Number of protein chains: 2
Amino acid sequence: AAQDLLLAAAFVSDAQYNRNIPFRTSPEAVRLYHLYNHWMMRTATYFFIFLNLSLALFEEPAVYPLPFLATSVLEVLCLLVFLGRLTHFAHVTLHNVFWKDAKNICIMGAILLSLTDLGIYGVLRLYGVRSIRWSRFMRPIFLINFAESRQIRRALRSIRNTLPEITYVFLLFMFSLLMFSLMALKLFGERNLQTAEGLPYFRNYLEIVFDLYVLVTTANSPDVMMPAFDFSSWYALFFIAFVIVNTYIFMSLFLAVVYNNYKKHLKNEIRKLAYMKRRKMIEAFNLLKEEEGEQFVVREARWKQLVKLVAPDTSNSHRELLLRISDDEQKGFVDKKSFVQLADLLNIQVVTLKIRRHPLARWAPALYGSAPSRLLRGLVRHRAFVWTFDAIILINAVFIALDEDSISYAEWVFLALYVIEILLKVYTYEPREFFGKTQFWNWFDTLIIFAALTATILNATLQSTMRYNSQQILDIVFILRVLRLIRIVDSIQRFQVIMNTLINIVPTMLTFGGLTLVVYCVFAIIGMELFHGKIQYFPANSNAPHALECGNPALKDSLFARGKYCKNNFNNFASSFIVLMELTVVNQWHVFASAFANVTGQPAKLYFIAFHIVMVIIIVNIFVSFILEAFFVEY
Amino acid sequence: AAQDLLLAAAFVSDAQYNRNIPFRTSPEAVRLYHLYNHWMMRTATYFFIFLNLSLALFEEPAVYPLPFLATSVLEVLCLLVFLGRLTHFAHVTLHNVFWKDAKNICIMGAILLSLTDLGIYGVLRLYGVRSIRWSRFMRPIFLINFAESRQIRRALRSIRNTLPEITYVFLLFMFSLLMFSLMALKLFGERNLQTAEGLPYFRNYLEIVFDLYVLVTTANSPDVMMPAFDFSSWYALFFIAFVIVNTYIFMSLFLAVVYNNYKKHLKNEIRKLAYMKRRKMIEAFNLLKEEEGEQFVVREARWKQLVKLVAPDTSNSHRELLLRISDDEQKGFVDKKSFVQLADLLNIQVVTLKIRRHPLARWAPALYGSAPSRLLRGLVRHRAFVWTFDAIILINAVFIALDEDSISYAEWVFLALYVIEILLKVYTYEPREFFGKTQFWNWFDTLIIFAALTATILNATLQSTMRYNSQQILDIVFILRVLRLIRIVDSIQRFQVIMNTLINIVPTMLTFGGLTLVVYCVFAIIGMELFHGKIQYFPANSNAPHALECGNPALKDSLFARGKYCKNNFNNFASSFIVLMELTVVNQWHVFASAFANVTGQPAKLYFIAFHIVMVIIIVNIFVSFILEAFFVEY
Ligand code: NA
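Each residue is numbered by its place in its chain's sequence as written, counting from 1. Numbering of ligands from 1 and lettering of chains from A proceed in the order in which they are written. Only residues with pLDDT of 70 or above have their local features reported here, since the model is predicted, and side-chain atom pairs are shown and tallied only from 80 upward, although totals for entire chains, interfaces and linings are computed over all residues. Each side-chain value is worked out from all heavy atoms of the structure, with water and hydrogens disregarded.

1. Points about empty space enclosed by the protein
Both site types are read off a 1 Å grid over the protein atoms alone. A 1.4 Å probe that fits but cannot get out defines a cavity, while an open set with protein on both sides within 12 Å along at least five of seven lines defines a pocket; lining residues have an atom within 4 Å of a point. Grid points are joined across faces, edges and corners, and a volume is the space filled by probe spheres set on the points. By the definition in use, this model includes nine cavities of 30 Å³ or more. Each pocket or cavity is described by its volume, and for the largest cavity that value is around 1200 Å³. If you go around the largest cavity, you meet 38 residues; those closest to its centre are A:Thr218, A:Met251, A:Val616, A:Val620 and B:Met251. Those elements that place two or more of their residues in the lining of the largest cavity are helix H11 (236-288), helix H27 (573-585) and helix H29 (604-634) of chain A together with helix H11 (236-288), helix H27 (573-585) and helix H29 (604-634) of chain B. Each residue is assigned to one class: nonpolar for Ala, Val, Leu, Ile, Met, Phe, Trp, Tyr, Cys and Pro, charged for Asp, Glu, Lys and Arg, and polar for all the others, Gly among them. Residues of the lining of the largest cavity, tallied by class, amount to 22 nonpolar, 16 polar and no charged. Helix numbering and strand numbering both begin at the N terminus, where a helix is a DSSP run of H or I of at least 4 residues and a strand a DSSP run of E of at least 2.

2. What to know about the relation of the copies chain A and chain B
To line up the copies, we fit them by least squares on C-alpha atoms, keeping just the residues with pLDDT of at least 70 in both. In screw terms, the move from chain A to chain B is a rotation of 180 degrees and a rise of 0.0 Å along the axis, fitting with an RMSD of 0.1 Å. Taken together, the rotation and translation relating the two chain copies correspond to the operation of a two-fold axis. When each C-alpha of chain A is compared by its distance to the rotation axis, A:Asn587 comes out closest, at 3.8 Å. Counting the interface residues of chain A, we find that 100% of their copies in chain B are interface residues as well, pointing to one common contact surface. Note on contacts: a residue pair qualifies if any of its non-hydrogen atoms lie within 4.5 Å across the two residues.

3. Focus: the packing of aromatic side chains
All names here are of chain A. For Phe, Tyr and Trp, rings pair up if their centres lie within 6.5 Å, where Trp contributes its six-membered ring, and each pair is then called stacked (planes under 30 degrees apart), edge-to-face (over 60) or tilted (otherwise). Taken as a whole and judged by the stated rule, the model has 123 aromatic pairs over all chains. Aromatic side chains Phe 180 and Phe 238 sit 5.7 Å apart centroid to centroid with 70 degrees between the ring planes, which places their arrangement in the edge-to-face category. Placement of Phe 180 in helix H8 (residues 150-188) and of Phe 238 in helix H11 is noted, with a sequence separation of 58 residues between them. Judged on exposure class, the residue Phe 180 and its partner Phe 238 are both buried. Above the plane of the ring of Tyr 368 lies Arg 377, whose end atom (NZ or CZ) is 3.9 Å from the centre. Between buried and exposed lies partly exposed: a residue is buried under 20% and exposed over 50% of the maximum accessible area for its type, with that area taken using a 1.4 Å probe on protein chains only. Two conditions define a charge sitting above a ring: the NZ of Lys or the CZ of Arg must be within 6 Å of the ring centre, and it must be within 35 degrees of the ring normal.

4. Quick notes on the coordination of the sodium ion
The coordination sphere of the sodium ion, as far as protein atoms go, consists of A:Asn587 (OD1) and B:Asn587 (OD1), spread over 2.6 Å. One end of the pair, A:Asn587, is in the loop between H27 and helix H28 (589-599); the other, B:Asn587, is in the loop between H27 and helix H28 (589-599), on a second chain. The class for A:Asn587 is buried, based on a relative accessible area of 4%. Metal donors were taken as nitrogen, oxygen and sulfur atoms no farther than 2.8 Å from the ion, or 3.2 Å where the ion is Na, K or Ca. Water is excluded, so coordination may look unfinished.

5. Side note on a nonpolar patch on the surface
Residues and elements named next belong to chain A. Residues with no salt bridge and a relative accessible area higher than 30% make up the patches, which join like charges within 9 Å and nonpolar side chains (Val, Leu, Ile, Met, Phe, Trp, Tyr) within 5 Å. Accessible areas in this description were obtained via Shrake-Rupley with a 1.4 Å probe; residue shielding takes into account the shown protein chains only. Put simply, a salt bridge is a Lys or Arg side-chain nitrogen that is within 4 Å of an Asp or Glu carboxyl oxygen. A cluster of nonpolar side chains, namely Val 76, Leu 80, Leu 83 and Leu 115, defines an oily patch on the protein surface of about 310 Å² accessible area. Looking at the nonpolar patch, the element that brings in the most residues is helix H4 (residues 68-92), giving three residues. Take Leu 83: it is sitting in helix H4. With relative accessibility at 38%, the residue Leu 83 sits in the partly exposed group.

6. Some thoughts on the domain arrangement of chain A
Start and end points for every domain follow an automatic or database-based domain assignment. Along its sequence, chain A is carved into domain 1 (38-145), domain 2 (155-268), domain 3 (359-491) and domain 4 (506-634). Each of domain 2 of chain A and domain 3 of chain A has a C-alpha centre, and these two points are 52 Å apart.

7. Here we look at the interface of chain A and chain B
Across the contact, 86 residues belong to chain A and 86 residues belong to chain B. At the boundary of chain A with chain B, total buried surface from both sides reaches about 8200 Å², with 72% on carbon and sulfur atoms. As used here, buried area is the combined drop in accessible area, with a 1.4 Å probe, of two parts when they are placed together. Considering only the surface of chain A that becomes buried against chain B, A:Lys186, A:Tyr248 and A:Lys567 emerge as the three largest contributors, covering 8% of it. Across the contact surface, chain A and chain B share two salt bridges. Note that A:Asp475 is salt-bridged to B:Arg191, the shortest N-O span being 3.1 Å. Polar contact is the term for a pair of N or O atoms within 3.5 Å; when the atoms are in protein, one must be able to donate a hydrogen and the other to accept it, and sequence-neighboring residues count only if both atoms are side-chain atoms. Inspection of the region where chain A meets chain B yields 22 residue pairs in polar contact (both at pLDDT 80 or more). At 13 residues, the largest contribution of residues to the side of chain A that touches chain B is made by H11(A). Residue classes in the side of chain A that touches chain B are distributed as 58 nonpolar, 13 polar and 15 charged.

8. Regarding the sheet that holds strand E2 (residues 295-299) of chain A
Residues and elements named next belong to chain A. Across the sheet, which stays open at both edges, the three strands sit in the order E1-E2-E3 with antiparallel pairing between neighbours. At either end of the open sheet lies a strand with only one pairing partner, and these are strand E1 (290-292) and strand E3 (333-335). Recorded for the sheet is a direction-independent mean angle of 55 degrees between the axes of neighbouring strands. Any two strands with at least two DSSP-identified bridges between them are counted as paired. Pairing between E1 and E2: three bridges, direction antiparallel. Directly across from Glu 291, in E2, lies its bridge partner Phe 296. Strands in contact with H11 are E1, E2 and E3; relative to E2, the strand with the most contacts, it is inclined by about 85 degrees. Across the face of the sheet, helix H12 (residues 300-310) comes into contact with E1, E2 and E3 while running at roughly 55 degrees to E2. Every axis in this analysis is a line fitted to C-alpha atoms, fitted for helices over the stretch in contact. Angles between the N-to-C directions lie between 0 and 180 degrees.

9. Structural notes on the state of the cysteines
Residues and elements named next belong to chain A. Here, two cysteine sulfur atoms that lie within 2.5 Å of each other are counted as a disulfide. Under the defined criterion, the tally for this structure stands at two disulfides over all chains. There is a disulfide in this structure between Cys 550 and Cys 566, and the S-S distance comes to 2.1 Å. On the sign convention where negative means left-handed, the S-S torsion of about -65 degrees between Cys 550 and Cys 566 marks this disulfide as left-handed. A residue pair is termed long-range when its members are at least 10 positions apart, and Cys 550 in the loop between helix H25 (506-531) and helix H26 (559-562) and Cys 566 in the loop between H26 and H27 qualify at 16 residues. Relative accessible area serves as the criterion here: at 0%, Cys 550 is assigned to the buried category. Note on Cys 566: relative accessible area 8%, which makes it buried. Unpaired in terms of disulfides, Cys 78 finds its nearest cysteine sulfur in Cys 521, a separation of 13 Å. Take Cys 78: its relative accessible area is 0%, and that puts it in the buried class. Free cysteine Cys 106: the closest other cysteine sulfur is in Cys 521, separated by 16 Å. The class for Cys 106 is partly exposed, based on a relative accessible area of 36%.

10. Overview of the pairing of strand E2 (residues 295-299) of chain B
Residues and elements named next belong to chain B. Once strand E1 (residues 290-292) ends, the chain turns through two residues before running back antiparallel as E2, passing Gly 293 with a positive phi of about 65 degrees. Alignment of E2 against strand E3 (residues 333-335), held across three bridges, turns out to be antiparallel. Bridge pairing in E3 places Val 297 opposite Asp 335.

This is the structure we're talking about:
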């Protein structure tokens, strides 16, 4: 019976967290499964996945160089952890299911290939031969394929489902692009026009296609038009037509296709999840059910044992509340229909509405209940208290804007006022309530203020003892000081609604963070292989040869060198990420593409076009779809 | 009875075209109302509205200068036409309705003010005083307020309804912008950094706000980040956070708000239209109804008279079909329920499915029915015929791409082939069917081919008689030649679907054309008043002073002059439109804003920010919403 309970708890827990792992039902396997889902095991897995990804920071080309031996040991450690996790999973799940699941095969393949690659690279290194660490491409596989990353896999599935339709629109868009390029070649090709840089204008078909693709992203508008426009004003019509058709209509069409599929896919996923949740709850019910009259039910005692197992942190009162809902007629048992709802009930965050007594009211009732204390609490609860501190924040904003000194006397006054405010609030309101899970702003305030206090004191100590201002600490103090002002937003009802929408979508945005991380990792590693060392950054006033051309004479007179973009290169993992971020923002991407094409070869532009298609046309559009949908649901 | 019929026809016609004009029901007024809605009257009104708007091309500062007298006479003519149209409307509608309608008051006010302004300007001109033609701002009022522009007014209403919510999001966005600017001032203000142009970097709060607003539009990425990034790589995090919060989240939020309201508004409008349509049809029914047994009905004869009046162009067979639907049990009358549906029935385009006999089959049956003729028609109907011509188009594409001569021998061959194709198709298929209203591609082909044929022959004639190649004609020939290739798209089923979606949304896109025209007109006229003559364009190799600085020493070393943007100015109406188009595309808009601020004053930047907010944040987002919605409905 205890084993049935444990198994049922596993089913309910899976239903609650929307997990879908076909685990074995033997007592030992169920116990292993509970361990497998323990939050510490999951956190550890994530930790090693990110450690493995961040190794790129320490391997050549390194941001912070570590000896090869150190990174190798770390990598082997990560791979062993992954293998351990996978072995654990193999013991939990059914054998034929395990071997049929592409995810597991992927992970095993990736571990094996990584070890092989590491071995070969190490041996070759001993003999002084430098080879490519190609297995580094496979590191994002661990982020995608471990059972924990369901959300990322779901997003990837959504992208895969969208691909056929995207492809058709993309082909039509390419057709339009090629037609317009052909027109441009015929219209401008024989005019002997020159660009602002004095280069030939629109002579070569492939270059025209690239220039017009860049125009679709608007990045070279209006430069690409000016030579033709200067020649004859009527030619502006060609570019207007081009922008309307390609930038406005086709790019909106991409968003429409992605959004349409996103909605459709979301609906299907939700339906599937609901079905699975119900099935798991019914399995749990069947394990615990007993006959009662004409129906099967779960008796109160067992039900309570189950809830204690599934949600050990819930208070007695909360459990009683759940029971009251599930057994609303107080018959001493829960029927099937009510039992199935348990998974959803457990997910509802119960705001304890009952007014807890303040701890001080228990420890020092006479003092806490005295007239001055009650007056104080009355003042803090009064609206004027909020208004006073809103006024103080506004005055603080003026001080920050005007203040020329690094840390002034006024700053201490404001910090003291904010600390007093928080103490008064904690004195007035029940502390556990004040720092409840949903009290985002209270947490925000307190963290910001105490971080600022700590940093300011630290800085003052450093200054008085060592007569030294730490720039990093000062920067953090500045940022914290400005962040404090955000609080004013929470005082205005309409802004609260929008802010809450924004705060609620943060968790799902992490999925996009993961997706972006995967795409960035892959492109960063390819980019480093292709472009590493081709472009160098020299500090201002450097005497190095070609310092003004980013160390590469091929960049002489290029927009890249003229814009002083040299630090945007693929020389290490961190730089690559920043370049990719700038490419995601799109502006000036053609300057980057041309520069890296100049220092390697023209086909390098394909790398930048591929990144634009994957990141901007697909992932950013999915992000926008997600914001649209989240907004419609929340608002 | 004849008058009742006329009145009922007016109601039905209003219901069919979703008009909502409360006209008087006296016989004379109804006749005037029919005249008022005549397509020639409406076309004439539009003609004069656009003539009035295009006067800006001929008035100082003129693209094509005309004497002041000529433009004044034209303007007075337009105003008289507007007055006439309004008087006509006043005779049609009820007096109290007419005077309560803000639209009519607006038009009258605009006419009066325009005449006054024209008078004052003319008199001052006689005395040699130049004043501002401020009434030109009011010209778009005619486009908005005449009863014909319901769609544009609906879009404007939708914008007005969206404004409060947009404003809240905008305020929050501005708050975020100001906070980030304050942080930037604190972090970078005292570092003594310089931009790539050697100017001080992030020293002045207002300049930081502008620079970061530009970064929201991505237009100065990554330039705005580079000095800080060169100083310390960690500062890139500030800009990444800024872009994620402001560019990705807030800009998507604007789209979400606009789209949400657009959908809501659309639903309301459709509900209102359906209600009005029904009410008008019931009014028409009540005029024509007769008692039949226990219910009121409209008898067949009257019903036919009505349809003849409302839709005089429909054929007898079409009318019979409509009757068959409305009186499906052939009782000789139409009941109320069926009668109400008439307005929708009239809007359905009936594709005549019956196979009409080819005219040649009637005129020369022996020839048309002969074996060779039947074989020929069989060939044309065969799939291989389509494939052959697809292949020809592909070969043609290669020829166009490779062909260096202006018009070659091959071009004549291709033109001949295409003409033969069209003739064969017209020989095989019934011509009226082939050129049916919904046969977009047949029309497209025929027009393109015959235009190309005409232009090519014209060019050949000019060349052989006057040994002269007209560049304009050649350009048109080039464009037509490439457009021909679009046909290939129609051969692929999947592309057809997307293309049909695109073709179907063209009519509604005209509404956005109108809306854009209104916004552009207003901003162009303001722009010309503010910036006229400040920036000049000189052809290459000009000897004029400051030719390289667009005639204005204030632009020395500016990005504007360096990018050779001088022709982008507000010196006339056409140039202004092109500048506004480039501002709509957003890229490099800050270069324009800074240049025009340098030659006038820093507050000029507000003009550009205002245009960005109105055009990009509001109207382009409505356009995207519209494409999204149209796509979901069509696809
Ligand atoms: Na841009």
